[in-house]
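# Observations on the model geometry
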Amino acid sequence: MSETTKVVEGDKTKDGTFDQVKRFVARNGALLGLVLLCVVLALATPAFLTGPNILNVGIQAATVAILAFGQTFVIVSAGIDLSVGSVAAVSSMLVAYTGASMGLPGWFTILVGLLAGAVFGALSGIVNAYLKLPSFIATLAMMSVARGLTLVISDGRPISTSGMVNFFGTTIVGVPVPIVMMLIMGLIAAVILNFTSAGRSMYAVGGNMEASRLSGINVHRTQIMVFLLSGVFAAVAGLVIAGRLHSAQPQAATGYEMDAIASVVIGGASLSGGKGKVSGTFIGAILLAVIRNGLNILNVSSFWQQVVIGLVIAFAVSFDTLRRKEDAH
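Because the structure is a prediction, the values reported are computed rather than measured.

## Details of unusual backbone geometry
Phi is positive for Asp155, which is not a glycine, with a value near 60 degrees. The phi dihedral of Asn299 is positive, around 60 degrees, even though this residue is not glycine. Mapped onto the elements, Asn299 comes out in the loop between helix 12 (278–297) and helix 13 (302–328). Its relative accessible area of 70% is what places Asn299 among the exposed residues.

And the structure:
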């Protein structure tokens, strides 16, 4: 073999190795970032890797993660749901109101909350699918409607919740129920996306809506379904919030929609649709919770925390944009 051939083969090997490393980082960037962040925080403060603090991180991540699992369905289908925080609030408020003011049984009030989440989500999906409003606009309007109804129902005041709802803020065998709910809802979301025809339809619609329509997929039904699921997951998140606070708060989950979207994108989903995993979303939510927890332990001002989270979101979206450009080439 000539020297020239050896050099060329050596260059190919180097390029191949570099491409493999680049692909690995692109696929597992959130996980690598989470591990690196945990190492840095563990070295910076011994309080980080303690049992109580790890559970605290899980509790902090639970609500956003549940919202983000529902958001994953929407983003995979090339949509976006800005109403999840408000739907969580109005669902929990309806649970509290039907229990405190109407005296309905706890299990029935929980069903009312879940049904409310499904209805609000389905309405967003119908507006998006049949009125052809972009999901951004449809859910922005629903965000305002749901938050307004929350204030109307509560008259701007918190409403206490019943014992059954408060269960969502307790512990089971030393494990906080919010963490248990996060794992259960994550498992449900993973099963739907990975093992059902509905999940395959979501990926297909997000990848190419017109091709999906021509192949026989009911695109409108899929669009409505993803928003309905997002609404149900938001209602569950509302139950967790109300359970932790022992009350439904009119301003609960304000701004959580941004953290939910960020978790999905940080986890590797594409805002253009057709790509995303529940496991990635879970890592994204944990990463955001670790950042906030670490900054709290290090006594960083809450104002600066908002700056850091904003930069993380901007980086995640920029990374997604660059990744899509590279895939197009």
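What follows continues from the structure just given.
## Focus: the side chain of Ser124
Secondary-structure assignment places Ser124 in helix 4 (residues 106–130). Dropping the residues within four chain positions of it, Ser124 is found in contact with Ser83, Ala138, Thr139, Met142 and Phe227.

## With respect to the nonpolar core
Ranked by internal contacts, the top residues of the largest apolar core, which has 74 residues, are Ile66, Phe69, Phe73, Met182 and Met202. At 13 residues, the largest contribution of residues to this core is made by helix 2 (residues 51–76). Leaving out residues up to four positions away in the same chain, Met202 has contacts with Phe73, Val76, Ser77, Ile192, Leu193, Thr222, Met225, Val226 and Leu229.

## Some points on the packing of helix 2 against helix 10 (residues 219–245)
Viewed as axis vectors pointing N to C, helix 2 and helix 10 meet at an angle of 170 degrees, and their least axial separation amounts to 7 Å. With respect to their mutual orientation, helix 2 and helix 10 come out roughly antiparallel. Across the interface between the two elements, Ile59, Thr63, Ile66, Leu67, Phe69, Gly70, Gln71, Phe73 and Val74 of helix 2 pack against Val226, Phe227, Leu229, Ser230, Phe233, Ala234, Val236, Ala237, Val240, Ile241 and Arg244 of helix 10. Per-class residue counts for the contact of helix 2 with helix 10 are 15 nonpolar, four polar and one charged.

## Focus: the packing of aromatic side chains
Per the counting criterion, the structure on display carries three aromatic pairs. Measuring from ring centre to ring centre gives 5.5 Å for Phe73 and Phe233, while their planes differ by 80 degrees; the resulting arrangement is edge-to-face. Of this pair, Phe73 sits in helix 2 while Phe233 sits in helix 10, and the two are 160 residues apart along the sequence. Given the relative accessible area of 2%, Phe233 is considered buried. On the numbers, 5.6 Å between centres and 90 degrees between planes, the contact of Trp107 with Phe108 is edge-to-face.

## Notes on the confidence of the model for the protein chain
For the protein chain, mean pLDDT is 91; residues scoring 70 or higher make up 90% of the total. When mean pLDDT is taken per element in the protein chain, helix 7 (residues 177–195) scores highest with 98 and helix 1 (residues 3–44) scores lowest with 72.

## Topic: helix 8 (residues 197–207)
Along helix 8, the residues that are buried comprise Ala198, Gly199, Ser201, Met202, Val205 and Gly206. One side of helix 8 carries all its buried residues, which in axial view fall inside an arc of 155 degrees. Exposed residues on helix 8 whose side chains face more than 90 degrees from its buried face are Arg200 and Gly207. Among the structural elements, helix 2, helix 7, helix 9 (209–214) and helix 10 are those in contact with the buried residues of helix 8.

## Regarding helix 12
With 20 residues, helix 12 should reach 28 Å at 1.5 Å per residue; the first-to-last C-alpha distance of 28 Å fits that figure. For helix 12, a buried count of 15 out of 20 residues is recorded, marking the element as mostly surrounded by other parts of the structure. Note on helix 12: the residue one or two positions beyond its end, Asn299, has a positive phi of about 60 degrees.

The rules behind each value
Residues numbered from 1 in each chain as written. Predicted model: local features only at pLDDT ≥ 70, side-chain atom pairs only at ≥ 80, totals over all residues. Heavy atoms only, no water. Helix = DSSP H or I, 4+ residues; strand = E, 2+ residues; numbered from the N terminus. Buried < 20%, exposed > 50% of the residue type's maximum accessible area, 1.4 Å probe, protein only. Contact = heavy atoms within 4.5 Å. Core = buried A, V, L, I, M, F, W, Y, C linked by side-chain atoms within 4.5 Å. Axes fitted to C-alpha atoms, helices over the stretch in contact; angles between N-to-C directions. Parallel < 35°, antiparallel > 145°, perpendicular 65-115°, else oblique. Nonpolar A, V, L, I, M, F, W, Y, C, P; charged D, E, K, R; others polar. Phe/Tyr/Trp six-rings, centres within 6.5 Å; stacked < 30°, edge-to-face > 60°. pLDDT = per-residue confidence, 0-100. Arc of directions from axis to C-beta. Expected span 1.5 Å × (residues − 1).

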